[in-house]
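# Survey of secondary and tertiary structure
The primary structure of each chain is shown beneath.
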Amino acid sequence: MRRFLTFALFLASSVLAGAQIVVTIPPARPLHHLPDTATILIMGDVMMHKDQIDNSRTPDGGHDFSTYFTHVRDMMMDADLTVANMEFTLAGKPYSGYPCFSAPDGYEDYVASCGVDVFLTANNHILDKGKEGIERTLGRYSQMEEEGLVKHTGCSDSQEDDMKRFPLMMAVRGTRVALVNFTYGTNLKISSEFPKVHLPDKKEIASAIRRAREAGAEFVIALPHWGTEYVLRHSAYQEKLADWLVEQGCDAVVGAHPHVVQDAERIAAIVDDRPKTAPVVYSLGNFISNMSAVNTQVGLVTKLKIVVDEDGNKRLLKPQFVFTWCTRPGTLTDSYSTIPVRAFIGKRHLWRNGADYDNMIRSYERVKASTGIQD
């Protein structure tokens, strides 16, 4: 800044003195007003079981979820784009948990208030309460979108709505990112074409990826709901579909559904006659739930960082991971709370029930050993 100021003063004084000055200006380099990095945070299953509903009740008839993300909220808020799989409906009263989920009204507001920017809706539970249930859910999410609070993808209520949600185009600090969310299936079915839940229809997915590129997407992220529940390693079907997604040009694949963390790898393909590799994270597990079966309290948050160099070229860095643990009532607090495991290692004294801490450490080490994922 001082150099430019000195040159400006010299130029002004010379002009005042009547000097003849010829200034040769070198070819200008483009100014890229882009950040060095953009961070996309992808969380696993956000659930609402019956025990969560009962525990969250307040004396005035409402529900309080304020402990859920206390320890991870900063991480969620700090990302440039935070994405969560919303594995329930907002079908209204009577609220219910497994097997047909209808979460209390207001849960969606709490999740959004903690920094989530995109709700993923394509999952096997989205039709748990039939057509009326999905319509009410999508209606609420669309209302939130109109209010500038959150966007949603994976399901749509009309053809016009579908065109803007599949793919969902997002601007992430100057980088255009497309999200493609779909599910292997749903527990219940409806006969009408809309509301529509996106399934692994290769023709539709390939079209969405193509339209994303035509719309200027610099990175395409596939977000499939797939895999075998409670198994820590991916299936042959998942790998085959992941191979195809990368061949279609996806830059990353991050999955959910098994309720446990699964392994991750890089897949290589030839796209447009050029070699390409993309990270694949097969399952993020649960982010918040009432599950306590082996490995189901461990979750995985995936951070995808896009780096922009001085010439404006962009590339996706190797994913970063944060293992989480969902504590249940009476263990760490009176309610549920998701915590980053590493931040609580060595702090057993904070637990009301030390057995939960011990279980967290054992589960964390077991999942890391089985999946090969390191945080």
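Calculation rules
- Residues numbered from 1 in each chain as written.
- Predicted model: local features only at pLDDT ≥ 70, side-chain atom pairs only at ≥ 80, totals over all residues.
- Heavy atoms only, no water.
- Helix = DSSP H or I, 4+ residues; strand = E, 2+ residues; numbered from the N terminus.
- Buried < 20%, exposed > 50% of the residue type's maximum accessible area, 1.4 Å probe, protein only.
- Contact = heavy atoms within 4.5 Å.
- pLDDT = per-residue confidence, 0-100.
- 1 Å grid on protein atoms, 1.4 Å probe; cavity = no way out; pocket = protein on both sides within 12 Å on 5 of 7 lines; lining within 4 Å.
- Points joined across faces, edges and corners; volume = space filled by probe spheres on them.
- Expected span 1.5 Å × (residues − 1).
- Pairing = 2+ DSSP bridges.
- Axes fitted to C-alpha atoms, helices over the stretch in contact; angles between N-to-C directions.
- Left-handed = near helix turned anticlockwise from the far one by under 90°.
- Nonpolar A, V, L, I, M, F, W, Y, C, P; charged D, E, K, R; others polar.
- Phe/Tyr/Trp six-rings, centres within 6.5 Å; stacked < 30°, edge-to-face > 60°.
- Lys NZ or Arg CZ within 6 Å of the ring centre and 35° of its normal.
- Right-handed = clockwise from strand over helix to strand, strands pointing away.
- Polar contact = N/O pair within 3.5 Å; in protein donor to acceptor, adjacent residues only side chain to side chain.
- Salt bridge = Lys/Arg side-chain N within 4 Å of Asp/Glu carboxyl O.

### Focus on the overall build of the protein chain
When helices and strands are counted, the protein chain shows ten helices and 17 strands. In terms of overall dimensions, the protein chain has a C-alpha envelope of 85 × 55 × 45 Å along the principal axes. When each of the 375 residues of the protein chain is scored for burial, the buried share is 53%. Sequence separation of at least 24 residues holds for 70% of the intrachain contacts in the protein chain that already meet a minimum separation of 6.

### Re the confidence of the model for the protein chain
Residue-level pLDDT values for the protein chain average 92, and 91% of them are 70 or greater. Every residue in residues 1–34 is under pLDDT 50, and counting partners more than four places away or in other chains gives 14 contacts.

### What to know about empty space enclosed by the protein
Over the atoms rolls a probe the size of a water molecule, and in doing so it shows where empty space is left. Within this structure, the stated rule accounts for one cavity of 30 Å³ or more. Considered as a void within the structure, the largest cavity measures approximately 70 Å³ in volume. Listed by contribution, the elements that provide at least two residues to the lining of the largest cavity are strand 1 (37–46) and strand 9 (219–225). Ranked by residue count, the leading element in the lining of the largest cavity is strand 9, at three residues.

### Points about the layout of surface pockets
Volume-wise, the largest pocket comes out at about 210 Å³. Here the element with the most residues in the lining of the largest pocket is strand 12 (residues 274–281); it accounts for three residues.

### As for helix 5 (residues 130–146)
An ideal rise of 1.5 Å per residue puts 24 Å on 17 residues; helix 5 measures up with 24 Å between its terminal C-alpha atoms. Listed in full, the buried residues belonging to helix 5 are Gly130, Gly133, Ile134, Thr137, Leu138, Arg140, Tyr141, Ser142, Met144 and Glu145. Trailing helix 5 by a residue or two, Gly148 shows a phi angle of about 75°, which is positive.

### Let's talk about the sheet that holds strand 9
Overall, mixed pairing links the six strands, which are arranged 6-7-9-10-12-11 in an open sheet. A strand with exactly one partner marks an edge of an open sheet, and here the two such strands are strand 6 (168–172) and strand 11 (264–271). Ignoring which end each strand starts from, the neighbouring axes of this sheet average 25° apart. The sheet contacts of helix 7 (residues 202–214) involve strand 6, strand 7 (175–183) and strand 9, and relative to strand 9 the element is tilted by about 155°.

### Things to note about the packing of helix 7 against helix 8 (residues 236–247)
As a packed pair, helix 7 and helix 8 sit with axes 11 Å apart at the nearest point and diverge in direction by 35°. As for how helix 7 packs across helix 8, the hand of that crossing is right-handed. Contacts between helix 7 and helix 8 involve Lys202, Ile205 and Ala206 from the former and Leu241, Trp244 and Leu245 from the latter. Residues that form the contact of helix 7 with helix 8 fall into these classes: five nonpolar, no polar and one charged.

### Points about the packing of aromatic side chains
In total, this model carries 16 aromatic pairs according to the counting rule given. Centre to centre, the rings of Tyr68 and Tyr336 are 6.0 Å apart; their planes meet at 75°, and the pair counts as edge-to-face. In this pair, Tyr68 is assigned in the loop between helix 2 (50–56) and helix 3 (73–78) and Tyr336 in the loop between strand 16 (320–327) and strand 17 (337–340), connecting sequence segments 268 residues apart. Tyr336 shares its class with Tyr68; the two are buried. With a centroid separation of 5.9 Å and an interplanar angle of 90°, the aromatic rings of Phe344 and Trp351 are classed as edge-to-face. Classification of Trp351 by relative accessible area gives buried; the value is 7%. Over the ring of Phe344 we find Lys347, and its NZ or CZ is 5.8 Å from the ring centre.

### Points about the pairing of strand 2 (residues 81–86)
By the criterion of burial, strand 2 is predominantly enclosed, with six of the six residues buried. Of the two faces of strand 2, the one carrying Leu81, Val83 and Asn85 and the one carrying Thr82, Ala84 and Met86 are both buried. When strand 1 meets strand 2, the two strands line up parallel, connected through five bridges. Bridge pairing in strand 2 places Leu41 opposite Thr82. Note that strand 2 and strand 3 (residues 118–120) share three bridges and pair parallel. Bridged to Val83 within strand 3 is Val118. Taken together, strand 2, helix 4 (residues 107–113) and strand 3 form a β-α-β motif whose crossover is right-handed.

### Description of the side chain of Thr175
One can find Thr175 in strand 7. By relative accessible area, which is 1% here, Thr175 ends up buried. Only 3.3 Å separates the side chain of Thr175 from the side chain of Lys314, close enough to count as a polar contact. Beyond its immediate chain neighbours, meaning those up to four positions away, Thr175 contacts Met170, Glu218, Phe219, Ile306 and Lys314.

### Some remarks on the pattern of salt bridges
All told, the structure shown has 19 salt bridges when counted by the stated rule. Note that Glu145 and Arg165 form a salt bridge whose closest N and O atoms lie 2.8 Å from each other. With Glu145 in helix 5 and Arg165 in helix 6 (residues 159–165), this pair connects stretches of sequence that are 20 residues apart. For the residue pair Glu145 and Arg165, the accessibility class agrees, reading buried in each case. For Lys314, the salt bridge identified is with Glu218, shortest N-O distance 2.8 Å. Taken together, the residues Lys314 in strand 15 (residues 314–316) and Glu218 in the loop between helix 7 and strand 9 connect sequence positions 96 residues apart. The partly exposed category is assigned to Lys314, whose relative accessible area is 22%. Note on Glu218: relative accessible area 25%, which makes it partly exposed. Among the charged side chains, a salt-bridge network with shared partners connects Glu145, Asp161, Lys164 and Arg165.

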